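Coordinate inspection notes
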Amino acid sequence: MLKMIEISKTFHPGTINEKKALTGINLDLKDGDFVTIVGSNGAGKSTMFNTISGSFIADEGLIELDGRDITFEPEHQRSRYIGRLFQDPLMGTAPNMTIEENLAIAYLRTAKDPTAIFSRISRKEKDFFRERLALLNMGLEDRMKNPVGLLSGGQRQALTLLMATLVTPKLLLLDEHTAALDPATASKVLELTKQIVEEQHITCLMITHNMNQALDMGNRTLMMDSGRIVFDVEGPERAAMTVDDLLHKFAENAGQRLDNDRILLSGHH
């Protein structure tokens, strides 16, 4: 579903601030893969997402999605079939618009007809929005006319997840999408994520700083360090791994201990 071949990205090349953010990334995702990604701050996780979503173009390498070369495709075009959630719940929604309008934007974003506009949202589509909202178990289906700005962080993140998957994307990118939420809300949004991804058979990449999550969710785990993928595990080997194994593996493959306190703290609860 996703192929990344020798992807590299350097910021501020030739200056004192030069930073190699990605170095020869190779990744092959099968249809329906759900991959968790861990690594310390600055390992290149978000940079990799930005390259996939088209926020910027890689310096070298090739990106294919579902057999199509998207290496140089602009971000707005990719957003039709790549859904993305950020750590900040305010990133994915338009606060002054109602829940219904936000869903309409997400729904029409993928519309083939460029003349599709809000006013064309039919009764049938409104019923579909209401149905999807009801799945969240947050009572939002009765608040469709409310501005999104009135929702809590968890409700907004759940809504953004719904918006990203309203029309099934080829690829879903989750960038620590529950890190800013309190533990109870975070686990609710994670449950929803699992449910939606499974139901719609979505290929998914999820950055997390929680080591337990990294092993519990999905079917494959990647570890990044200094702009490289240093470890990639799935199947029986992954099923048998503990958090300590994962940390040990990292030390082995990256030649250093994982230096991110946040990861170590969240590793064992």
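These notes cover the structure that comes with them. Predicted, not measured: the structure shown is a model, and the values here were computed from it. (Residues numbered from 1 in each chain as written. Predicted model: local features only at pLDDT ≥ 70, side-chain atom pairs only at ≥ 80, totals over all residues. Heavy atoms only, no water.)

1. Here we look at unusual backbone geometry
For clarity, the threshold we go by: Secondary structure elements follow DSSP: runs of H or I no shorter than four residues count as helices, runs of E no shorter than two count as strands, and numbering proceeds from the N terminus.
Even without glycine at this site, D66 takes up a positive phi of about 50°. Tracing the sequence through the fold places D66 in the loop between β4 (60-65) and β5 (68-69).

2. Section: the packing of helix α3 (residues 99-109) against helix α4 (residues 123-134)
How two helices pack is summed up by the angle between their axes together with the distance between the axes. For clarity, the threshold we go by: Between N-to-C directions, angles cover 0 to 180 degrees, with each direction set by a line fitted to C-alpha atoms, over the stretch in contact for helices. Angle categories: roughly parallel below 35 degrees, roughly antiparallel above 145, roughly perpendicular from 65 to 115, and oblique for all the rest. Only heavy atoms matter for contacts: two residues are in contact if any of them lie within 4.5 Å across the pair. Throughout, the ten residues Ala, Val, Leu, Ile, Met, Phe, Trp, Tyr, Cys and Pro are labelled nonpolar, Asp, Glu, Lys and Arg are labelled charged, and all others, Gly among them, are labelled polar.
Viewed as axis vectors pointing N to C, α3 and α4 meet at an angle of 105°, and their least axial separation amounts to 11 Å. As far as their axial angle goes, α4 and α3 are roughly perpendicular. Contact residues: I99, E100, L103, A104 and Y107 in α3; E125, K126, F128, F129 and L133 in α4. Within the contact of α3 with α4, the residues separate by chemical class into seven nonpolar, no polar and three charged.

3. Here we look at the pairing of strand β8 (residues 203-207)
Put simply, the rule reads: Each residue is placed in one exposure class: buried if its accessible area under a 1.4 Å probe, protein chains only, is under 20% of its type's maximum, exposed if it is over 50%, and partly exposed if it falls in between. Strand pairing follows a simple DSSP-based rule, namely that at least 2 bridges must link the two strands. A crossover gets the label right-handed when its path from the first strand over the helix to the second runs clockwise, viewed with the strands pointing away from the viewer.
With five of five residues buried, β8 is to be regarded as a mostly interior element. Side chains T203, L205 and I207 project from β8 onto one buried face, and the interleaved C204 and M206 project onto a second face that is buried too. Relative to β8, strand β3 (residues 34-38) runs parallel, the two sharing four bridges. For F34, the partnering residue across the bridge sits in β8 and is C204. Relative to β8, strand β7 (residues 171-175) is paired through five bridges, and the arrangement is parallel. Its bridge partner lying in β8, L173 is registered against L205. Read from β7 through helix α6 (residues 183-200) to β8, the crossover connection turns out right-handed.

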